[in-house]
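An overview of the molecular structure
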Amino acid sequence: MNRTLNFYAGPAALPLPTLERARDEMIDWAGTGMSVMETSHRSKEYDAVHHEAMDLIGELLGLDDDHQVLFLQGGASLQFAMVPMNFIPPGGSADYVITGSWAQKALKEANIVARGRVAGSSEAASFTRVPTQAELDLDPTAAFVHVTSNNTIRGTQFHEFPKTGSLPLVADMSSDFLWRPIDANRFHLIYAGAQKNLGPSGVTIVVLRKSWLAKANSGLPTMLKYSIHSEKESLYNTPPTFAVYMVRNVLLWVKEMGGLTAMETRNRAKGDRLYRAIAAHPDFYRSPVDAGSRSYMNIVFRLPSEELETKFVAEAKQAHMVGLKGHRSVGGCRASIYNATDLAAVETLATFMDDFARRNG
Ligand SMILES: Cc1ncc(COP(=O)(O)O)c(C=O)c1O
């Protein structure tokens, strides 16, 4: 079997054993004589997978009893609207830390449904870093403070989350959920589309502090209320059953690999390897990101010209490496190396980068 080395930003590579398991269970799953996709979401077999996946997230993150895992639809993009709809009270506002276009999109939705305020931004630094604590100007009356933990497009990441005192902290962790151990109980709400670190697209993971629901706005359409999804344990309507099943498979793999501590070791080794490959050819490769804000999930880099960047991506593809083109809004190159990517794949890319620089530098 000749698997492609996949560096797409999302949907992204999945661990091979999770795909093999899905293949093996495709026709006859859990002795049902059906695939999971063909099984009722009210069946005991599906229910077991659904709750196992929720429990595994709780276990990996060490969630306390006040935190609950939800499986929603509509992507992280719907969370941009749902969070302010539920938690900005009438006449109130929320604080947003702007680190690039995903944070800007979250702020835009907040301003459609309520009011969002910029509490700090690295735009003046062209989003080449995340704002420092000293640069934040928090409104003590804000309903919450929203951060984007990892900027998928710019390749920046918070290595320490902002201190928000008594203000609820909300994070879009779409592109670095479960990349390392964090104090998840500190957050009032975390959301992440599954399709980067966790599974296929179609399911969005939400980690919610249940006691916060007491402050949620009523009067919203049922599907937009966290309270209903909390009460019904994400079975109010039909969940994306196959996506949840795949997420469960990936979570079991994460656990078997040694959990989040092992993920962090693996992810740091991979990121460090690629940043070393960039630094080894300073006249050829350049990281546009400040050293202190560099992402371990999305490594962005520039070559001396756009022509060379196009050539790099094309030659990499010939060598079975895909997904290395930077986001269309910023150009350049980007290697997305989420949990599923192994060090061997990164080593192959680093060797290719070294060779390409020698041949074209
Ligand atoms: C940080 C971040 N937030 C939000 C999104 C949007 O996610 P979705 O496509 O699931 O709505 C993305 C997608 O790449 C992302 O990287």
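Throughout what follows, the structure given in this document is the object of discussion. Remember, it's a predicted structure, so these values are computed and weren't measured experimentally.

Each value, and the rule that gives it
- Residues numbered from 1 in each chain as written.
- Predicted model: local features only at pLDDT ≥ 70, side-chain atom pairs only at ≥ 80, totals over all residues.
- Heavy atoms only, no water.
- 1 Å grid on protein atoms, 1.4 Å probe; cavity = no way out; pocket = protein on both sides within 12 Å on 5 of 7 lines; lining within 4 Å.
- Points joined across faces, edges and corners; volume = space filled by probe spheres on them.
- Helix = DSSP H or I, 4+ residues; strand = E, 2+ residues; numbered from the N terminus.
- Nonpolar A, V, L, I, M, F, W, Y, C, P; charged D, E, K, R; others polar.
- Pairing = 2+ DSSP bridges.
- Axes fitted to C-alpha atoms, helices over the stretch in contact; angles between N-to-C directions.
- Contact = heavy atoms within 4.5 Å.
- Expected span 1.5 Å × (residues − 1).
- Buried < 20%, exposed > 50% of the residue type's maximum accessible area, 1.4 Å probe, protein only.
- Arc of directions from axis to C-beta.
- Right-handed = clockwise from strand over helix to strand, strands pointing away.
- Patch = residues over 30% accessible without salt bridge, like charges linked within 9 Å, V, L, I, M, F, W, Y side chains within 5 Å.
- Areas by Shrake-Rupley, 256 points an atom, 1.4 Å probe, with all protein chains shown as cover.
- Salt bridge = Lys/Arg side-chain N within 4 Å of Asp/Glu carboxyl O.

As a further point, take the layout of surface pockets. Taken as a whole, the largest pocket spans an internal volume of roughly 420 Å³. Along its surface, the largest pocket is lined by 23 residues, and A9, G326, H327, R328 and R334 are the ones closest to its centre. For the lining of the largest pocket, the secondary-structure elements that each account for two or more residues are α4 (101-113), α8 (306-318), β12 (321-322) and β13 (333-336). Looking at which element gives the most residues to the lining of the largest pocket, the answer is α4, with three residues. Here the residues of the lining of the largest pocket are counted per class, giving nine nonpolar, eight polar and six charged. In this model, the second largest pocket occupies a volume close to 350 Å³. Along its surface, the second largest pocket is lined by 18 residues, and R3, L14, A340, T341 and D342 are the ones closest to its centre. Of all elements in the fold, only β1 (5-6), α1 (16-25) and α9 (343-360) reach the threshold of two or more residues within the lining of the second largest pocket. A per-class count over the lining of the second largest pocket returns 12 nonpolar, three polar and three charged.

This brings us to the sheet that holds strand β3 (residues 94-98). Here seven strands make up an open sheet; going across it, the order is β2-β10-β9-β8-β5-β3-β4 and the pairing mixed. The open sheet has two free edges, formed respectively by β2 (67-72) and β4 (116-121), since each of these has just one partner strand. In this sheet, neighbouring strand axes are inclined to one another by 20° on average, regardless of whether the strands run parallel or antiparallel. Taken together, the four bridges between strand β5 (residues 145-148) and strand β8 (residues 169-172) define a ladder with parallel strand orientation. Across the sheet, T148 pairs through a bridge with D172, a residue of β8. Packed onto the sheet, helix α2 (residues 44-61) meets β2 and β10 (204-209) and runs at close to 135° relative to β2.

With 18 residues, α9 extends 25 Å from end C-alpha to end C-alpha; this agrees with the ideal 26 Å at 1.5 Å per step. By the burial criterion, the buried members of α9 are A345, V346, L349, A350, F352, M353, F356, A357 and N360. All buried residues of α9 lie within an arc of 160° about the axis, which places them on one face of the element. Next to the buried residues of α9 lie β1, α7 (259-279), β11 (298-301), α8, β12 and β13.

Below, the discussion takes up empty space enclosed by the protein. Here the structure, examined in full by the defined rule, presents four cavities of 30 Å³ or more. Empty space within the largest cavity amounts to approximately 70 Å³. What lines the largest cavity is F71, L72, Q73, M223, H229, S234, L235, Y236, N237, T238, P239 and P240. When grouped by side-chain class, the residues that make up the lining of the largest cavity number seven nonpolar, five polar and no charged. Along the walls of the second largest cavity sit L61, F158, F161, M173, D176, F177, L178, W179, R180 and I182, which together make up its complete lining.

Our next topic: the pairing of β3. With five of five residues buried, β3 lies mostly within the body of the structure. Burial of β3 is two-sided: the residues A94, Y96 and I98 facing one way and the residues D95 and V97 facing the other way are all buried. For β3 and β4, the ladder comprises five bridges, and the chain directions are parallel. Residue pairing across strands places A94 opposite G116, the latter belonging to β4. Assessed by its sense of winding, the connection that carries the chain from β3 through α4 to β4 is right-handed. Judged from the two bridges that link them, β3 and β5 form a sheet pairing that is parallel. When the sheet's bridge partners are listed, Y96 is paired in β5 with H146.

The next thing to look at is a nonpolar patch on the surface. On the surface, a cluster of nonpolar side chains totalling about 310 Å² of accessible area is made up of M26, I27 and M37. Topologically, M37 is positioned in the loop between α1 and α2. The class of M37 is partly exposed, set by a relative accessible area of 46%.

The next thing to look at is the pattern of salt bridges. Evaluated as defined, the whole model comprises 17 salt bridges. The shortest N-O distance in the salt bridge between D24 and R23 comes to 3.0 Å. In this structure, D24 and R23 share a single accessibility class: exposed. The partner of E52 in a salt bridge is R248, with the nearest N and O atoms 2.8 Å apart. Of this pair, E52 sits in helix α2 while R248 sits in helix α6 (residues 241-256), placing them 196 residues apart in sequence. Residue classification places E52 among the partly exposed residues on the basis of a relative accessible area of 28%. Within the structure, one salt-bridge network assembled from shared partners comprises K311, E315, D355 and R359.

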